[in-house]
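Listed below are the residues making up each chain.
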Amino acid sequence: MAQLTVVVPAYNEAAVLEDFHARLAAVLDGLGLDCAVLYVDDGSGDATWAVIGSLLARDARAGALRLSRNFGKEAALTAGLDHVREGAAVVIDADLQDPPELIPELVAQWRAGYDVVYATRSARAGEGVFKRLTAAAFYRAMEKLSDTAVPRDTGDFRLLSRRALDALAQLRERQRFMKGLFAWIGYRQTAVRYLREPRQAGRSKWNYWRLTQLAIEGITSFSTAPLRLATWVGLGSSLLAFLYGLWVLGKALLYGDPVRGYPTLMLVILFLGGVQLLALGVIGEYLGRNYAESKRRPLYFVEEARLPR
C-alpha cells in the first residue's frame, strides 16, 4: 500500500492536468516513498475525465474517482480523503498555483513528527488588489470570531498524517468548511511558507459570489459570533430607543416642545426594521444549516472508481 497518496480534486481542469501530472510525477519519483495519486473528478463538464483516463493508462500510481455530479470542492476533497486507506495524504489543487515541488518540504515536516503540515502563502501572485484584501480580511475575521484557530493565508494545500485522516473521517457534517475542519482536529501542526503562482491554464471556478458563500460557510460553521452580534445590536437599539423616548418626553414636559412625528417615526421604523431583518437573516443562516444536517444525506456519490494499482 502507498505510504503517501496525493489527492487532487478537479473540476473542468482538462487544460492543465497533463502539465500538472508531469510536474507531480517528477516530484514523487524523487521522494523515496511508495506514492499514489488519486484524482477526484467533481462532475466536470469538459474533457477532464478523459484526460485523467489517459494519465491512468500511463502511470500505474494514478487512480481516480468520478463523482455522480458536481458536489463542490469540499465534498470532492472529502471523497478523496475517504479513499486513502493507508498512509498519509497530500491535498493539492490541479491548477498549479500550489507547486507540487513543495511536497518534499511537507514530507520532511511529517517525518519530523507533525500530523498536519499546511502550506501558507507568503505572496499571492496573479491576484488583484481587491481579492488579496478580501482574502486577508476573511482570514483575520475568522481568527477573531472563531474559537478554532484557522491559519492565515492558508488554503487546502497540506499534508495529513494517518492519525489526522482517521480523525477527519469521523467528522461527517454536511455543510463542510475543510480549512476549519483541518484545524479543528488539532494534533501537531506546522506551516511551510511558499509563493503562490498564477493559474497556469483554464479559469478559476471561484467568483466573488462563491467566495462570499464560502466565507459565510466558514464563519457559521465555526462561530456563533453573528448570533451574539445580533443580540447585542438588538439590545443597543432598544437602549437607544428608550433614551431617545426619555429625551422627547422630557422636552415635551419641561419646555413644551412639539414632537415632530412623521420624519422621526419613519427613521425609527426603518432603522429597527432593518435591524430585525438582519437578525432574522443571521438566524436563518444557522437554521438552514440545521435543516441541511437533519436530512442526513450522503456527502457525495461515486459514479466510477479506478483506484491506483
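Residues numbered from 1 in each chain as written. Predicted model: local features only at pLDDT ≥ 70, side-chain atom pairs only at ≥ 80, totals over all residues. Heavy atoms only, no water.

As annotated in an unreviewed UniProt entry, the protein carries the name Glycosyltransferase involved in cell wall biosynthesis and comes from Fulvimonas soli. Quoted straight from UniProt, the Sequence similarities (unreviewed entry) entry for the protein says "Belongs to the glycosyltransferase 2 family. GtrB subfamily." A UniProt comment under Subcellular location (unreviewed entry) is attached to the protein, and it reads "Cell membrane". (UniProt positions renumbered as here; feature names shortened; annotations may be inferred.)

With respect to the overall build of the protein
On a plain count of helices and strands, the protein comes out with ten helices and eight strands. In the protein, buried positions account for 44% of the 309 residues. Residue pairs in contact within the protein that sit at least 24 positions apart in sequence constitute 84% of those at least 6 positions apart. Of the accessible surface of the protein, which amounts to about 16100 Å², a share of 60% is contributed by carbon and sulfur atoms. (Helix = DSSP H or I, 4+ residues; strand = E, 2+ residues; numbered from the N terminus. Buried < 20%, exposed > 50% of the residue type's maximum accessible area, 1.4 Å probe, protein only. Contact = heavy atoms within 4.5 Å. Areas by Shrake-Rupley, 256 points an atom, 1.4 Å probe, with all protein chains shown as cover.)

Brief notes about helix 4 (residues 103–111)
For helix 4, the full list of buried residues reads I103, L106 and V107. The arc that holds the buried residues of helix 4, viewed along the axis, is 100°, so those residues lie on one side. Positive phi appears at G113, one or two residues downstream of helix 4, with a value of about 115°. (Arc of directions from axis to C-beta.)

Focus on the packing of aromatic side chains
Summed over the entire model, instances satisfying the criterion amount to two aromatic pairs. Both rings, one in F20 and one in Y39, keep their centres 6.3 Å apart while their planes meet at 75°; by these two values the pair is edge-to-face. Pair noted here: F20 is in helix 1 (residues 14–29) and Y39 is in strand 2 (residues 35–41), with a separation of 19 residues, a long-range link. Ring geometry for F157 versus Y194: centroids 5.9 Å apart, planes at 90°, classification edge-to-face. (Phe/Tyr/Trp six-rings, centres within 6.5 Å; stacked < 30°, edge-to-face > 60°.)

A look at the side chain of D95
Position of D95 among the secondary structure elements: in the loop between strand 4 (88–91) and helix 4. Under the relative-accessibility criterion, D95 is labelled buried at 6%. Only 3.1 Å separates the side chain of D95 from the backbone nitrogen of Q97, close enough to count as a polar contact. (Polar contact = N/O pair within 3.5 Å; in protein donor to acceptor, adjacent residues only side chain to side chain.)

Observations concerning the pattern of salt bridges
Counted under the stated rule, the structure contains ten salt bridges. Between D59 and R61 there is a salt bridge, and its shortest N-O distance comes to 3.2 Å. What makes R61 partly exposed here is its relative accessible area of 21%. Taking the shortest distance from any N to any O, the salt bridge between D93 and K73 comes out at 3.0 Å. With D93 in the loop between strand 4 and helix 4 and K73 in helix 3 (residues 73–82), the pair connects residues that are 20 residues apart, well separated along the chain. Connected through shared salt-bridge partners, K73, D93, D156 and K179 make up one network. (Salt bridge = Lys/Arg side-chain N within 4 Å of Asp/Glu carboxyl O.)

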